[in-house]
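Each chain is listed here by its residues.
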Amino acid sequence: QVQLVESGGGLVQPGGSLRLSCAASGSIFSINVMGWYRQAPGKQRELVAGITSGGSKNYADSVKGRFTISRDNAQNTVYLQMNSLKPEDTAVYYCNANVFTYGSMRYADYWGRGTQVTVSS
């Protein structure tokens, strides 16, 4: 099995910054894409940013220029640096990883439990 553990959420004022981290552990052979999603109250979960093992990145239009995704392949960890935060960024942020495990010998998606980000004055 694979576990994803997020950290770094919290309360921040508009214009502030936060850095989220997500560490994957377990029966991991390799990880393809890692990413961050978010879900605000009453809304569907949406992709915020993703990054491949080769470093290719994609972002939601709403966060381009403000958020930066990165990863440490050796540590199976993905980060999300969030700058110039806005109240509309308030949501639960979930880590996602597409993992090839020793047990199943196939790629499957795994999710973290989520971390709350609240942007408010």
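In case you missed it, the structure is sitting above this.
One structure accompanies this document, and this report is about it. Not measured: the values here are computed from a predicted model.

1. Some words on the sheet that holds strand β8 (residues 77-82)
- Strand order in the open sheet made by the 4 strands is β1-β3-β8-β7, with antiparallel pairing throughout. Only two strands of the sheet have a single partner each, and these edge strands are β1 (2-7) and β7 (67-72). Adjacent strand axes in the sheet meet at a mean angle of 15 degrees, parallel and antiparallel pairs treated alike.
- Bridge count for strand β3 (residues 18-26) against β8 is 6 bridges, and the pairing is antiparallel. Directly across from L20, in β8, lies its bridge partner L80.

2. Concerning the environment of K43
- Along the polypeptide, K43 turns up in the loop between β4 (28-39) and β5 (46-51).
- Take K43: its relative accessible area is 59%, and that puts it in the exposed class.
- Sequence-wise, K43 and V92 are 49 residues apart; in three dimensions their C-alpha atoms are separated by 11 Å.

3. Here's the deal with the state of the cysteines
- This model, assessed by the stated rule, comprises 1 disulfide.
- The disulfide that involves C22 links it to C95, with 2.1 Å between the sulfurs. Taking the sign of the torsion about the S-S bond as the criterion, the disulfide between C22 and C95, at about -80 degrees, is left-handed. Placement of the pair is C22 in strand β3 and C95 in strand β9 (residues 91-101), with a sequence separation of 73 residues. Each member of the pair, C22 together with C95, is buried.

Rules used in this analysis
- Residues numbered from 1 in each chain as written.
- Predicted model: local features only at pLDDT ≥ 70, side-chain atom pairs only at ≥ 80, totals over all residues.
- Heavy atoms only, no water.
- Pairing = 2+ DSSP bridges.
- Helix = DSSP H or I, 4+ residues; strand = E, 2+ residues; numbered from the N terminus.
- Axes fitted to C-alpha atoms, helices over the stretch in contact; angles between N-to-C directions.
- Buried < 20%, exposed > 50% of the residue type's maximum accessible area, 1.4 Å probe, protein only.
- Disulfide = S-S within 2.5 Å.

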